[in-house]
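Residue-level listing of the chains:
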Amino acid sequence: MDTILILDFGGQTCQLIGRRLREVGIFSEIAPHDAPLNSARLKNVKGIILSGSPYSVYEDGAPHVDLQLFTLGIPILGICYGFQLMTHLCGGRVESLSVKEYGRVPLTLQTGNPLFDGVPSGFNSWMSHGDSIAALAPGFEITAVSDNHPAAAWNPEKRIWGIQFHPETSHNEFGTQILANFGRICNAAQDWTLDKVLELESHKIRERVGKKDVLLLISGGVDSTVAGAMLLKILDPAQVHLMYIDTGLMRKYESEEVAGILRQLGAKHLHLIQAEKRFLSALEGLSDPEAKRKAIGDTFIRVQEEEVSKLQLNDYFLAQGTLYTDLIESGKGVGKKAQVIKSHHNVGTPLVEAKRAAGLIVEPLEMLYKDEVRALGEKLGVGEAVVWRHPFPGPGLGIRILGEVTREKCDILRDADWIYINELKKRGLYREIWQAFSVLLPVRSVGVTGDARDYGFVLALRAVVSKDGMSADVYPFPMKDLLEISSLITNQVRAVGRVTYDISSKPPSTIEWE
Ligand code: XMP
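Asker: Can you lay out the site of the ligand for me, pointing to particular residues and giving the numbers?
Answerer: Close to the ligand lie 13 residues; R293, Q435, K506, I511 and E512 are nearest. One nitrogen or oxygen atom from the side chain of E512 is found 2.5 Å from an oxygen atom belonging to the ligand. Calculation on the ligand without its partners gives an accessible area of 500 Å², and the protein chains cover 85% of this total.

Asker: Please give an account of the environment of W418 that cites residues and values.
Answerer: By secondary structure assignment, the location of W418 is in helix α13 (residues 407-426). Of the residues examined, W418 reaches a relative accessible area of 35% and is grouped as partly exposed. In the structure, W418 is positioned 377 residues away from R41 in sequence and 49 Å away in space, judged by C-alpha atoms. Apart from residues no more than four positions distant in its own chain, W418 is found in contact with K252 and Y253.

Asker: Give me the sheet that holds strand β11 (residues 240-246): which residues, what numbers.
Answerer: Spatial ordering of the open sheet is given by β12-β11-β10-β13-β14, a layout of five strands whose pairing is parallel. The outermost strands of the open sheet, each flanked by one partner alone, are β12 (269-274) and β14 (361-362). One ladder, built from two bridges, connects strand β13 (residues 317-319) with β14; its direction is parallel. Residue A319 lies in a different strand from β14, and its bridge partner there is V362. Those strands touched by helix α5 (residues 222-234) are β10 (214-218), β11 and β13, and its axis lies near 155° from that of β10.

Asker: Explain the pairing of strand β5 (residues 93-109) residue by residue, including any values.
Answerer: Where β5 lies against strand β6 (residues 122-135), 12 bridges are found, and the strand directions are antiparallel. What sits directly across from Y102, in β6, is S128.

Asker: Describe the pattern of salt bridges, and please don't skip the residues or the numbers.
Answerer: As enumerated under the stated definition, the model contains 32 salt bridges in all. Note that K310 and E307 form a salt bridge whose closest N and O atoms lie 3.0 Å from each other. Taken as a pair, K310 and E307 lie in helix α8 (residues 289-311) at a separation of three residues, close to a single helical turn. Judged by relative accessible area, K310 falls into the exposed class, the value being 56%. For E307, a relative accessible area of 14% puts it in the buried group. Among the ionic pairs, K480 bridges to E484, the shortest N-O distance being 3.1 Å. With K480 and E484 both in helix α14 (residues 479-492) and four residues apart, this pair spans about one turn of that helix. Under the relative-accessibility criterion, K480 is labelled exposed at 56%. On the basis of relative accessibility, which here comes to 29%, the residue E484 falls in the partly exposed class.

Asker: Got a sec to walk through the domain arrangement of the protein? Specific residues and values, please.
Answerer: Here the protein is described as being made up of domain 1 (3-185), domain 2 (194-387) and domain 3 (400-501). Spacing between the C-alpha centres of domain 1 and domain 2 amounts to 37 Å.

Asker: Quick one: what's the story with the nonpolar core, residue by residue and with numbers?
Answerer: The tendency in soluble globular proteins is for nonpolar side chains to be buried side by side. Among the nonpolar cores identified, the biggest contains 50 residues, and Y420, L424, L461, F477 and I489 are the most heavily contacted of them. For this core, the element with the highest residue contribution is α13, accounting for eight residues. When residues of this core are sorted by domain, at least three fall in each of domain 2 (194-387) and domain 3 (400-501). Apart from residues no more than four positions distant in its own chain, I489 is found in contact with A416, I419, Y420, L459, L461, V496 and V499. The next biggest cluster of nonpolar side chains, apart from the first, holds 42 residues, and it includes V222, M230, L262 and L368.

Asker: Break down the pairing of β10 for me, with residues and values.
Answerer: Of all five residues that make up β10, five are buried, and the element is covered over most of its length. Here β10 shows a buried face lined by V214, L216 and I218 and a second buried face lined by L215 and L217. Bridging between β10 and β11 involves five bridges; their strand directions are parallel. When the sheet's bridge partners are listed, L216 is paired in β11 with L242.

The rules behind each value
Residues numbered from 1 in each chain as written. Predicted model: local features only at pLDDT ≥ 70, side-chain atom pairs only at ≥ 80, totals over all residues. Heavy atoms only, no water. Near = heavy atom within 4 Å. Polar contact = N/O pair within 3.5 Å; in protein donor to acceptor, adjacent residues only side chain to side chain. Areas by Shrake-Rupley, 256 points an atom, 1.4 Å probe, with all protein chains shown as cover. Helix = DSSP H or I, 4+ residues; strand = E, 2+ residues; numbered from the N terminus. Buried < 20%, exposed > 50% of the residue type's maximum accessible area, 1.4 Å probe, protein only. Contact = heavy atoms within 4.5 Å. Pairing = 2+ DSSP bridges. Axes fitted to C-alpha atoms, helices over the stretch in contact; angles between N-to-C directions. Salt bridge = Lys/Arg side-chain N within 4 Å of Asp/Glu carboxyl O. Domains from an automatic or database assignment. Core = buried A, V, L, I, M, F, W, Y, C linked by side-chain atoms within 4.5 Å.

Below, the structure is given as structure tokens:
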């Protein structure tokens, strides 16, 4: 299908360029800046975008491209560093600015240009650059200026465009329009839809898997559940084995809900493993966070290996709910330069590693961004409760009960958290928040119930807004909501005597407490 290829020079917003293009129905792929531009790579490529970068073009180690790129006859758009690099390589001059231009910058268009169709002659751009174009490369003409600098240029003959600003960011007015205009200049079809994804992945997976079995480990989160729904839709459900390990550290009704959805979607082999006792006994006596994480991780691997071998599947494929961003972030051949932000948490298990080495992994969501996965989940009938669920760490409640974990504490935390989360949903706040949860502290404090003094647990509520979990701000609750939620919890969960709200951002704190 028609593709816009985005060459990644390590810019923070490189992925956003792809997102924006897909929003207007144009398929895009991100590749490392030094990906070989052979005919296989360029097969469906209608246009090429050069991304931004933290580098300056003259710096040691600055990422470059093969000059051949400018002779392919494919329209090119350079964004920020991309613009500077093309200027530098094509014979212009780039200079360091004494003051970095950062943030909202008003621009004036100088000429009508197809890149700016439908864009008013003055608009606010978003800039983030320390270098600027001092002299355009031969054949280029200025198309927009800021107060101080050339902000955009083009070479009409070679069909190359350069812009100093970042149309992919939401602060840049008419940014999506400008990227869509580039798509039209390239004649790229706007035919990227979820139906198309289903069609493409169906072909690919059916061809690879044939009649073999596929095993998917379901965590209860949105990615693995939607991956399960997709496999059930595109393969014969008799081929699809879904395994869900209930560690006893799950949220209230979580296991039942996920199992119910998968059954509804036609799962024939749903292996629900009750492993609560094993996890709780592995956690007995442990209060050090790292020791707890290790105990949970090791138990998970053991239970998984035992249970998978009981299934006696031969030569089967292992499916993974890997997203496009996971591939980019882990640098597996997509945009190697992108900052590695996939957390340290998702270590591959021996099973995953063995299957990967044997070439027996299928990743039905590998082309999709998170919001596309959510939309696909809704389309496939995975209910709203799972599709919009906040992220949940692998070790589950095990790292939200500080100190030693017991069944009793799990139940207390489950009950309190259930009230908290349901209230957020009722109040229409749940989707505004990236992640909200409760933490049970290993301290008790004095309270009065009736005439008696009581020692109840202290519960901390956490709610943060974030884009990717790498940094997070505290959700600024209206005080009324906090007061009401706190009293609902202390009234209904007897063991909780006091509720606090965690007002720490990340950094310096982490989102989870352990
Ligand atoms: P922190 O606490 O490091 O969390 O700020 C960032 C994001 O990662 C999630 N998290 C985990 N996810 N396994 C996971 O799959 C883990 O061990 C783990 N620990 C933290 C956390 O919930 C937040 O979304």
